[in-house]
Structures are given as C-alpha cells and as structure tokens.
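Tertiary structure, described
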Amino acid sequence: MTHRLAILISGKGSNLQAIIAAISAGTLPAEIAVVLSNQTNAGGLNYAVQAGIPTVTLDHRNYASRDHFDQAVIAELDRFQPDTVVLAGFMRILTPAFVHHYRNRLLNIHPSLLPLHRGLHTHQRALDAGDSEHGCSVHFVNDELDGGPVIAQARVAVHANDSEETLSNRVHLREHELYPRVLQWRATGRLTLDSQGAQLDGQPIPANGFDLDKWPAE
Ligand code: GRF
C-alpha cells in the first residue's frame, strides 16, 4: 500500500510544492491523500489543485475554540486515512488532543536549527543573536512547541550582509531538499517514533538529527 500523506498548510506552500515535485520525480514513494488549509486563500492550495489532490479548507475563525477546530480537522483528515500527517507551514498551535491523536506520525518543519529559536521570527532572531549558521529542522511533534525529537537538519552559513529576507530565502531552499528526504524515510517504513524514541532502521537518531550534508548512506 502506498504511504498516505495528509499535508497541512496556511500559506505559500513552497514545501508542499517540493513534496509534490519529489513524488512526481519518483524519489518519494508516497501519495498525498489530502491538503488541508486553515486559510481559504492559502496560495499553496493551487499547487494541490493543479496536481489533482483533494483539498479541504477549514477557517479556524468559524470554530468556538481551538479544541473544536482541531476536532474538525481530525474528522476531515481521518476520512483520508493518513499514515503520516505533515505540517508544512501550518500556522496554528495544535491542542494536546490533536497531537495525541496523531502521535508517532506527526511531522513538522521548523525554520531554525532546533533547539535554537523555537517559535516565530526565527530568521531575524538568528541575525539578532549573531549566529554564524542557521537552517531548518524536521521533527516529530509532541506537546512541547517545536520541542519534539529532531530527525534531520539542514544548515546555511549566515552572511555579514544578510537581511531577514535573504536568509529566509536560503533556508527555504534547504527546506525543499530536506522535507522530501525525511518523508522518503517515512514512506519506506524506516523512520519511526515510539516509547524508545525516534529511530531510523531501528537505531536511535542522533540528538540533533541527521545533517543533510552528511546524509547516511542508503
Ligand atoms: C517554512 O519556513 C517552514 O519552516 C515554516 O513555515 C514556512 C512554510 O513555508 N514552518 P511554505 O508555506 O512551505 O512556503
């Protein structure tokens, strides 16, 4: 059975686009069962429509509470029976009930080298901190914001003349390489999380995850 992804977005969807491209190129043996957005005008929805992928839009402002919204998202996603739920620029904090429902199969990409710079405005914060390198991390999601086990990271050098925009653009390019690679591990059953922690091929993943530039041999 082909591994089924549900992808959650709120915005531009460039990571979604990269995942669609990897599937088309044959490097990611998965199927995107559904793309769900909480923003009706999320640009990324167009990538899904163009690729013939079902889309669902749920405007969080129509729900009385975070819990009600998350329960509605769960109900929609579960119709599509996802093996892995992929957060790709989904700008909502998820309730513990949601995280628990998809525990061990919920992934996020965060634009920093975790555990540095959890939360928002990571590029500006890396500049303000004078970091010499910055990047992105793919991690399993748990109850702690941007705090679940890191699976892999990609680094970029910070340049003296970088602005938030130039730095963010470079990190984005790395995200587009990193997320499909990690999802390939998921789709082929190699990447798991259980009470033993995050594992690749049954071996513990290093604390800060694998480095995209030192990728383990296939
Ligand atoms: C990315 O920077 C990702 O790390 C963060 O949200 C952004 C999404 O970008 N979680 P896009 O919508 O995939 O272009």
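Okay, so let's go over this structure.

Rules behind the numbers
- Residues numbered from 1 in each chain as written.
- Predicted model: local features only at pLDDT ≥ 70, side-chain atom pairs only at ≥ 80, totals over all residues.
- Heavy atoms only, no water.
- Helix = DSSP H or I, 4+ residues; strand = E, 2+ residues; numbered from the N terminus.
- Polar contact = N/O pair within 3.5 Å; in protein donor to acceptor, adjacent residues only side chain to side chain.
- Contact = heavy atoms within 4.5 Å.
- Buried < 20%, exposed > 50% of the residue type's maximum accessible area, 1.4 Å probe, protein only.
- Core = buried A, V, L, I, M, F, W, Y, C linked by side-chain atoms within 4.5 Å.
- Salt bridge = Lys/Arg side-chain N within 4 Å of Asp/Glu carboxyl O.

With respect to the helices and strands, Asp162 occurs in the loop between strand 7 (150-157) and helix 6 (164-187). Within polar-contact distance, the side chain of Asp162 engages the backbone nitrogen of His159 at 2.8 Å. Contacts of Asp162, omitting those with residues within four sequence positions, involve Leu127, Ala157, Leu167 and Arg170.

What follows concerns unusual backbone geometry. Negative phi characterises most residues that are not glycine, and trans characterises most peptide bonds. Leu114 connects to Pro115 through a cis peptide bond whose omega is 15°. Tracing the backbone shows Pro115 in the loop between strand 5 (106-110) and helix 5 (122-128). Positive phi, normally seen in glycine, also occurs at Gln81, with a value near 45°. For Gln81, the position within the fold is in the loop between helix 3 (66-78) and strand 4 (84-87). Its identity is not glycine, yet Asp201 carries a phi of approximately 50°, on the positive side. Topologically, Asp201 is positioned in the loop between strand 9 (197-200) and strand 10 (203-204). Of the residues examined, Asp201 reaches a relative accessible area of 45% and is grouped as partly exposed.

Before going further, it helps to examine the nonpolar core. The biggest cluster of nonpolar side chains holds 43 residues, and the ones touching the most others in it are Ile7 and Ile151. Sort the elements by how many residues they give to this core and helix 6 lands first, with eight residues. When sequence neighbours within four positions are dropped, the list of residues in contact with Ile151 reads Leu107, Val138, His139, Phe140, Val182, Trp185, Leu191, Ile205, Gly209 and Phe210. Residues Val34, Val73, Tyr102 and Leu106 belong to the second largest nonpolar core, which totals 22 residues.

A separate point is the pattern of salt bridges. Counted under the stated rule, the structure contains 10 salt bridges. We note a salt bridge from Glu144 to Arg118, for which the minimum N-O separation is 2.8 Å. Remark: Arg118 occurs in the loop between strand 5 and helix 5 and Glu144 occurs in the loop between strand 6 (133-140) and strand 7; sequence separation between them is 26 residues. Residue classification places Glu144 among the partly exposed residues on the basis of a relative accessible area of 43%. According to the relative accessible area criterion, Arg118 is partly exposed, its value standing at 33%. For Arg155, the salt bridge is made with Glu133, and the minimal N-O distance between the two is 2.5 Å. Residue Arg155 is found in strand 7, and its partner Glu133 is found in strand 6; the two are separated by 22 residues along the sequence. On the basis of relative accessibility, which here comes to 29%, the residue Arg155 falls in the partly exposed class. Judged by its relative accessible area of 35%, Glu133 falls in the partly exposed class. Sharing partners across several salt bridges, the network here consists of Glu133, Arg155 and Asp211.

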